[in-house]
Structures are given as C-alpha cells and as structure tokens.
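Geometric and topological summary
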Amino acid sequence: MYEIWLVLNILYEIALGLWPVLLALAVVWLALMVLARSRLSLLALRRALFPASFVAGLLFFTLPHLTQSSFDNMGYWVDWLNLLGMALGLGAAFALFAWPLVAMFCPACAGGACPARPAN
C-alpha cells in the first residue's frame, strides 16, 4: 500500500511542476469540445478509440525506453502496474483529444446528420 501512495504523491508533484502545460491542454480540449459540440457522437468516440488503443499499446512498449529504463528493471508488480496505468492514461488522453477532431472531420457526420444520433 505504501508503494501506491508513493506513486500518487509522485504524480501529484509532477503535476505541480507541469500545471501551466496541463492548464493549456485543458483549455485546448475545452475549445475543441465547444467547436465539435453539435457533432459529438458515439460513432466518433468509437472511431477515436481505435487510434487511442494503438497509442496506448505503443506507449506500453516505449515508455521504459523513453524514461531511460528497460523491462529488465521492472521486477516488482507495482512497476508493471505503473507502466500499464501510464500507457492507458496517455491513451485515454489521446482519445479525449481525438474524439472532437474525429467528430469535426467525420464524413458520416457531415451536415450534422450523424447516423449514430437521432435527428432532433
């Protein structure tokens, strides 16, 4: 339990150092959501989840190298859980940004007539 608490504290400290970047990303995401608000659909979300799952899988295998580590250094279950959590979290963040972009440029949703949503 101590290791999990330590990881949460480390993530909090990292977020404190990156708060301007995180704030800018939040503003960009909100702007994208506002621009795509009339076209957001489950179809667009499903289409955004495919590349997001690819990104999460790619990050699972590349994050150890990107952090100047390796799979050989991961001998404890908490290390594997952290790697999986980081990869899934970054994949979910990618999906959050891809969803409004897919909704805005989805040819099936052109003109606001998306087959995944009933007309008002």
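These figures come from a predicted structure and were not determined experimentally.

Rules behind the numbers
Residues numbered from 1 in each chain as written. Predicted model: local features only at pLDDT ≥ 70, side-chain atom pairs only at ≥ 80, totals over all residues. Heavy atoms only, no water. Axes fitted to C-alpha atoms, helices over the stretch in contact; angles between N-to-C directions. Helix = DSSP H or I, 4+ residues; strand = E, 2+ residues; numbered from the N terminus. Parallel < 35°, antiparallel > 145°, perpendicular 65-115°, else oblique. Contact = heavy atoms within 4.5 Å. Nonpolar A, V, L, I, M, F, W, Y, C, P; charged D, E, K, R; others polar. Phe/Tyr/Trp six-rings, centres within 6.5 Å; stacked < 30°, edge-to-face > 60°. Buried < 20%, exposed > 50% of the residue type's maximum accessible area, 1.4 Å probe, protein only. Core = buried A, V, L, I, M, F, W, Y, C linked by side-chain atoms within 4.5 Å. Left-handed = near helix turned anticlockwise from the far one by under 90°.

Okay, the packing of helix H1 (residues 2-17) against helix H2 (residues 19-35) next. Two quantities define a packed helix pair, namely the angle between the axes and the distance from one axis to the other. The interhelical angle for the contact between H1 and H2, taken along N-to-C directions, is 80°, at an axis separation of 5 Å. When the axis of H1 is compared with that of H2, the two are roughly perpendicular. Here Ala-15, Leu-16 and Gly-17 of H1 come into contact with H2, specifically with Trp-19, Pro-20 and Leu-22. Across the contact of H1 with H2, the residue classes tally to five nonpolar, one polar and no charged.

This part takes up the packing of aromatic side chains. If you walk through the whole model with that rule in mind, you get six aromatic pairs. When the ring of Phe-60 is compared with that of Trp-80, the centres are 6.4 Å apart and the planes differ by 35°; the resulting orientation is tilted. Placement of Phe-60 in helix H3 (residues 42-66) and of Trp-80 in helix H4 (residues 77-105) is noted, with a sequence separation of 20 residues between them. You can call Phe-60 partly exposed: its relative accessible area is 21%. Of the residues examined, Trp-80 reaches a relative accessible area of 35% and is grouped as partly exposed. Joined through ring pairs, the aromatic side chains of Phe-60, Phe-61, Phe-71 and Trp-80 make up one cluster.

All right, on to the nonpolar core then. Within soluble globular proteins, side chains that are nonpolar tend to cluster in buried spots. If you look at the biggest cluster of nonpolar residues, it comprises ten residues: Leu-32, Met-33, Ala-36, Leu-40, Ala-44, Ala-48, Ala-98, Trp-99, Ala-103 and Met-104. Secondary structure elements with two or more residues in this core: H2, H3 and H4. Top element by residues in this core is H4. It accounts for four residues. Residues contacting Ala-48, with those up to four places away along its chain left out, are Ala-95, Ala-98, Trp-99 and Val-102.

Our focus in this paragraph is the packing of H2 against H4. One can describe the packing of H2 onto H4 by two numbers: an axis separation of 9 Å at closest approach and a directional angle of 25°. The orientation of H2 relative to H4 falls into the category roughly parallel. For the pair H2 and H4, the sense of crossing is left-handed. Along the contact surface, H2 presents Leu-25, Val-28, Trp-29, Leu-32, Met-33 and Leu-35, while H4 presents Leu-96, Phe-97, Trp-99, Pro-100, Leu-101 and Met-104.

Relative to the helices and strands, Ala-95 resides in helix H4. A relative accessible area of 7% places Ala-95 in the buried class. Along the backbone, Ala-95 and Leu-45 are 50 residues apart, and their C-alpha atoms lie at a distance of 7.8 Å. Those residues within four positions of Ala-95 in sequence are excluded, and the remaining contacts are Ala-48, Leu-49 and Ala-52.

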